[in-house]
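Each chain, written out:
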Amino acid sequence: MDGFDRNDASPHGSWQTNRIHGSATVGDVLQARDVHGDIHFHQSLERSFRVTPHQLPYAGGRFVNRSGELGNLDRIVADGHEALASSAVVVVTGTAGVGKTSLVLHWAHRVRDRFPAGALYVNLRGHDASAPVSSSQALDRFLQALGFPAASVPVDLEDRASLFRSITADHRLLVMLDNASTAAQVRPLLPASSGSLTLVTSRNSLPGLVAREGAYRLDLCRFPDEEAVLLLRAVTAASRSSDQPDELAELARLCAGLPLALRIAAERAAGRPLMLLRELIADLKDRSALWDVLTAETEEETDAMHSVFAWSYRALPEAAARQFRLIGLHPGDEFGLPAAAALAGSTVAEARRQLDVLVGAHLVEQRASTRYQLHDLLRAYAVTQVQQEEPAETRRDVQRRILTWYLHTADNAQLMMAPFDRYPLDVPVPPDVAPLAFDDYQSAFQWYLAEAGNLVAATRAAAEAGFHDLAWRLAVVLRAVYMHQNAFDDWEATAEIGIRSAARAGSRAGEAEAYESLGKAYFQSRRLDEAEACHRAALEIRREIGERFGEAVSVNALGLLGLRRRRLDEARSWFEAGAAIFGELGDQRWAALLLSNLAETQCELGGFHAGVEALERALTVFRDLGDRSGEGNALFFLSWAQRELGLLADAHASISVALEIAAEEGNSVWEAHWLVELANVDRSAGRPEDALRSCEQAVSIQRRLGDRSREATALDRAGEACRDLGRTDDAIRLHEAAATIHRECNDAWQLSGTLDNLARALCQAGREDQARAHWSEALPLLASFDDPQAAARYQRISRQLTSP
């Protein structure tokens, strides 16, 4: 049996990821028909959603006017309209505050039932002061919202876009892309399915989408006077029925017909029913010069926004006004209730009271029960007010408090999400910080999902503010979370910040930790040369400062690189050196991890007896520590070694226990990978039908997970089972599909084995000439490998090519 990819989990490795090409159609022709029961290998799992997303935010209670624009939108989804014969795109443009998002959300909620595949939403923040959401980040969120595990989302933008198009094909999906800045930001996010609809809002006209994608553009203008008065009436009627039309018209004029300003002004008026409207108007005029930072499309619009924001802000109770301006120091654009409390240094209950006031004044939007955000114009206003009203020392204290809150809350989350991979935070919780604690994995994971963008923003904000001690620690604490989610964009961004901040802080140990984090990110995304550079940098620092534990961790990482590249002697040397250090330090778990890695290397080199002995020792430690990941992984390798030694009953028992662990932990990544070893055991024991059943199960899970490399391995093993059953044609198709994927993944070792298997199947079918072509392709792939298993494969194929 040829070598396998490892199940990289825990500190001794990393979750394996692969480039994904969702447009591949080879699986469409694959079936193992009537082999045993009903076994089918097909692509339907790649084209179905595991969940139906419903991501549209709340649209708000009152919506008036815009009947003409709503009618135009209605005609696009009318039955038989040509727009939905292909994937339609509608671009709603207009100046800031004109109500683009409100209109589109209101209409999207009206028509969402026409899109049974669900609705996706992302705020691209194209006009925010902070960094916009990239197309790659948005696709990552979309793919996860459709049920695609974070650990299996591809790294590259092109691959993410391809996968998104593939899995949304043949589904009627509604997509809302809010606050886009450019057509290039939008294009990768467009679904391919006919019948889908994408709604884009932007301050820019995005002519490229109209020209290339045939988008419908709807230009949203300011309200004319009569419609602006109607909006004011709708909000104030219950409390101010005696307001005169000319005064309402004057208030509408001061708001420049902008719905955002109109709503804020109307709420201010409604909240003061006993105050004459002309007095409120005079007050509004007095505030018009308080703020000159925002830039709208015209001077009239700028003045209107300045006036209304200042007017409403000055009317707030002091506690609410303070909460509002302190939100300007939050590192992200959306925030949770506990974060608002941390900003103000208050309790959660007090923060909720102040946010209720701000929501009522339309200065803050409530997106969920405990999630809030500011319109980008209002956020800019909050930043201005905090800079004007809070001393510099106070602002720095607040910034450090919120960033420290994120650091310690992230630390508590990593404790639940990755306890064995956790970085031990070495700074105490300050007395004025009350970080969140979590009871279980799920609560910690949900917090991470909600705060993922803010965690990157917090790391960046800490560095920009000169809090380098917090920045590098945030990057390192997040490593344990990212390594189990494969959140490569965020992982690389925070690690790079961490390296720079640790250097600025003068922390050589911090630099090494951040280099290790970036090295792991590169390793898991298969950028091996860059990973090696980072791990060697970390190793050099750790040796320089005499940090033996970290040195051994870096040595292990370099061993894993050798294993991934199939430089087995090199890998063994690294693992032996690391194991010796951990033995000296008395760290049982890490010693067991290195022992397991060393055993895998020994098995790859043909040393199965030594591998069994090492794995049994490692298993004892993992079981004593309750490390289920380490235990399952060791059992997987133990089954392989026992099978190669002919101990098939022992091998079956080992892999069965491993699969029980996967089931108990609910870990489909482990299950899919380990099912292939069960298939190998069953084949060796003369049970090809059972083997084929396990492969079918593994292929289905791997397609759902998006792990193309391991899908190919399962397809290849299924082809071998079909050969055993005499189903040669099915075997050939399965091996061809596996070879196609291994080529896409640029995996020379696995491809050489699959081509060998394909050639054998072709010989079995009497197609020797075709078989020789595949053997000829496989032979040069083996030239770079010098281990016994590779040499044996090379010699066997050479004999086949030289035989008559």
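Residues numbered from 1 in each chain as written. Predicted model: local features only at pLDDT ≥ 70, side-chain atom pairs only at ≥ 80, totals over all residues. Heavy atoms only, no water.

Caption draft 1: Local environment of the side chain of glutamate 631. Tracing the chain through its elements places glutamate 631 in helix α26 (residues 628-644). Taking relative accessible area as the criterion, glutamate 631 reaches 8% and is therefore assigned buried. Ignoring anything within four residues of it in the chain, the contact list for glutamate 631 reads Leu619, Phe622, Arg623 and Ile661. (Helix = DSSP H or I, 4+ residues; strand = E, 2+ residues; numbered from the N terminus. Buried < 20%, exposed > 50% of the residue type's maximum accessible area, 1.4 Å probe, protein only. Contact = heavy atoms within 4.5 Å.)

Caption draft 2: Region of the structure containing unusual backbone geometry. Even without being a glycine, arginine 566 presents a positive backbone phi close to 60°. Arginine 566 gets classed as buried once you look at its relative accessible area, which sits at 6%. A positive phi is found at asparagine 746, a non-glycine position, where the angle reads about 55°. Relative to the helices and strands, asparagine 746 is located in the loop between α31 (728-744) and α32 (748-764).

Caption draft 3: Layout of the environment of glycine 208. You can see glycine 208 is positioned in helix α6 (residues 207-213). Separated by 25 residues in the primary sequence, glycine 208 and alanine 183 place their C-alpha atoms 6.0 Å from one another.

Caption draft 4: Local environment of the packing of helix α16 (residues 392-417) against helix α17 (residues 441-464). The interhelical angle for the contact between α16 and α17, taken along N-to-C directions, is 145°, at an axis separation of 9 Å. Our pair here, α16 against α17, has a crossing hand that is left-handed. On α17, the residues that touch Leu403, Trp405, Tyr406, Thr409, Ala410, Ala413, Met416 and Met417 of α16 are Tyr441, Ala444, Phe445, Trp447, Tyr448, Glu451, Asn454, Leu455, Ala458, Ala461 and Ala462. Here the residues of the contact of α16 with α17 are counted per class, giving 16 nonpolar, two polar and one charged. (Axes fitted to C-alpha atoms, helices over the stretch in contact; angles between N-to-C directions. Left-handed = near helix turned anticlockwise from the far one by under 90°. Nonpolar A, V, L, I, M, F, W, Y, C, P; charged D, E, K, R; others polar.)

Caption draft 5: How the structure looks around helix α30 (residues 708-724). Between its terminal C-alpha atoms α30 stretches 25 Å, which fits the 24 Å expected from 17 residues at 1.5 Å a residue. Most of α30 is tucked away, with 16 of its 17 residues classed as buried. Immediately downstream of α30, the backbone of glycine 726 shows phi near 80°, a positive value. (Expected span 1.5 Å × (residues − 1).)

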